[in-house]
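# Coordinates in review
Residue-level listing of the chains:
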Amino acid sequence: MKVFLIYDEASAPQSAHHKLAITLPATWLEQSVDKVKDAFVGAYNKKFPDAPLDGAGMVLQIKDDSPFTHTDMRILRETDTPARVLADKGEVRLVRRPEANGGGAAHAKKPNCKNYGCQQDFDDETNHGAACRHHAAPPMFHDTRKWWTCCADRKVYSFDELMEIPGCVVSAHSATPPPQEVERAAAVAEATKRVHAVHLEGAQKFYSAPKPGSDGKAPPPKQEFTPSAPVAPAPRKRQPLPEGRARCRRQGCQCEYSVADNHASACRYHTQPPLFHEGSKQWTCCGVKKWDFDDFLNVPGCAVGAHEPDE
């Protein structure tokens, strides 16, 4: 995974702004994002020794594209991991750690409600059993339509309209995500972990491959082939015909006939094979094109002759 670390605070002079591309080792993906922050701060302080950054007072911040939050930026926590919160080739900013306003706990940042359709900040002291009106189930997005799966009778086309649909459940605000969201986040994290494992395996194979020689050509890879056992074709089973009966092999006929009754004008057939193209069916000898298979088989033959047995 490759990420772009950026420090461009408005309070810092333009000359102190810095952008650094970091390719994260696979061992970092399940560790705290603070490891990424410390790596950037160390590189920054080495480049700008006259204006070093205090890593303890800085945090990482990413863009939050979720339509269910009131802010478009997200502060990463120490418990977040790159595999779970960072995107490949995504931008990550280094910003000052938010400080609580003066006045103690009364002015501390309020928790955010995680109930579907709420996402409002609330105060634990005033929270009660009927404080939050929210939806009971997650939203569904299909084509351009959006709706809450618990209120599927009302579908809209914009996120603003979706968030304006009144909730169908009343309860207390909750800072804990619904069980469906916990399961979804765990599934996404597991899928991301598997993808990174596949990329890591591919990278290991790439770097362990034979290197080109002085002529610029790499030696052929060592491959071991195990020949498979030959597969005998399955015998074609055809129902045997009664004595004195045969099946005609001509195009467009293929009927069963009596050998004793066969004569020079017994068979009406096509002289060339059929052509099938993009749903159409055509006898190449007649130029008659059909779309329905039964209509195609009912096209009369263009030649008359004796039946030829299919031996």
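Each value, and the rule that gives it
- Residues numbered from 1 in each chain as written.
- Predicted model: local features only at pLDDT ≥ 70, side-chain atom pairs only at ≥ 80, totals over all residues.
- Heavy atoms only, no water.
- Helix = DSSP H or I, 4+ residues; strand = E, 2+ residues; numbered from the N terminus.
- Rg over C-alpha atoms; globule rule 2.2 N^0.38 Å.
- Buried < 20%, exposed > 50% of the residue type's maximum accessible area, 1.4 Å probe, protein only.
- Contact = heavy atoms within 4.5 Å.
- Lys, Arg positive; Asp, Glu negative; His and termini not counted.
- Charge placed at Lys NZ, Arg CZ, Asp CG, Glu CD.
- Pairing = 2+ DSSP bridges.
- Axes fitted to C-alpha atoms, helices over the stretch in contact; angles between N-to-C directions.
- Core = buried A, V, L, I, M, F, W, Y, C linked by side-chain atoms within 4.5 Å.
- Phe/Tyr/Trp six-rings, centres within 6.5 Å; stacked < 30°, edge-to-face > 60°.
- Lys NZ or Arg CZ within 6 Å of the ring centre and 35° of its normal.
- pLDDT = per-residue confidence, 0-100.

Okay, the overall build of the protein next. A tally of helices and strands in the protein yields five helices and 16 strands. Whereas a compact globule of 311 residues would reach a radius of gyration of roughly 19 Å, the protein reaches 36 Å, over 25% beyond that. C-alpha extents for the protein along the principal axes are approximately 110 × 70 × 35 Å. Of all 311 residues assigned to the protein, the portion counted as buried reaches 25%. Within the protein, counting contacts between residues at least 6 apart in sequence, those at least 24 apart form 52% of the total. The positive charge centre, built from 40 side chains, and the negative charge centre, built from 40, are 5 Å apart in the protein.

A word on the sheet that holds strand E13 (residues 274-277). The antiparallel open sheet is built from three strands, whose spatial order is E13-E14-E15. Edge strands, defined here as strands with exactly one partner in the open sheet, are E13 and strand E15 (288-290). If you compare each strand with its neighbour and ignore which way they point, the axes differ by 20 degrees on average. Strand direction decides the pairing type here: strand E14 (residues 280-283) and E15, joined by three bridges, are antiparallel. Looking at the pairing, Gln282 lines up with Lys289 of E15.

The next subject is the nonpolar core. Across soluble globular proteins, you tend to see nonpolar side chains buried next to one another. Counting residues in each nonpolar core, the largest one holds 26 residues, and the members touching the most others are Leu5, Tyr7, Leu24, Leu60, Leu86 and Leu94. Mapped by element, the contributors of at least two residues to this core are strand E1 (2-7), helix H1 (34-47), strand E3 (58-63), helix H2 (82-85) and strand E5 (91-96). The element that contributes the greatest number of residues to this core is H1, accounting for four residues. Other than its neighbours up to four places away in sequence, Leu24 contacts Met1, Val3, Leu29, Val36, Pro82 and Leu86. Counting residues in each nonpolar core, the second largest holds seven residues, with Ala246, Cys248, Tyr269 and Ala303 among its members.

Take the sheet that holds strand E4 (residues 73-75) next. On the basis of which strands lie adjacent, the open sheet formed by five strands has the order E2-E1-E5-E3-E4 and mixed pairing. Pairing within the sheet leaves two strands with one partner each, and these edge strands are strand E2 (18-23) and E4. For this sheet, the mean angle separating the axes of adjacent strands, direction not counted, is 30 degrees. In the packing of H1 onto the sheet, contacts are made with E1, E2, E3 and E5, and the angle to E2 comes to roughly 130 degrees.

Once that is clear, we can look at the packing of aromatic side chains. As enumerated under the stated definition, the model contains seven aromatic pairs in all. Aromatic rings pair up to connect Tyr7, Phe40, Tyr44 and Phe48 into one cluster. Note that Lys146 overlies the ring of Phe159, its terminal NZ or CZ placed 5.1 Å from the centroid. The aromatic ring of Trp147 is capped on one face by Lys155, whose charged end is 4.7 Å from the ring centroid.

Before going further, it helps to spend a moment on the confidence of the model for the protein. Scored by pLDDT, the protein comes out at a mean of 85, with 95% of its residues at no less than 70. Low pLDDT, under 50, characterises residues 101-107; the stretch is placed with two contacts to residues that sit more than four places away or in other chains.

This brings us to the pairing of E3. Burial analysis of E3 places five of its six residues in the buried class, which makes it a mostly covered element. Relative to E5, E3 runs antiparallel, the two sharing four bridges. In the strand pairing of E5, Gln61 is matched with Arg93. Here E3 pairs with E4 via three bridges, running antiparallel. When the bridges of E4 are listed, Ile62 appears paired with Arg74.

With that settled, the discussion passes to the pairing of E1. Here E1 pairs with E2 via six bridges, running antiparallel. Across the sheet, the residue bridging to Phe4 is Ala21, located in E2. Direction of pairing for E1 relative to E5: parallel, over a ladder of three bridges. Within E5, the residue paired with Ile6 across the bridge is Arg93.

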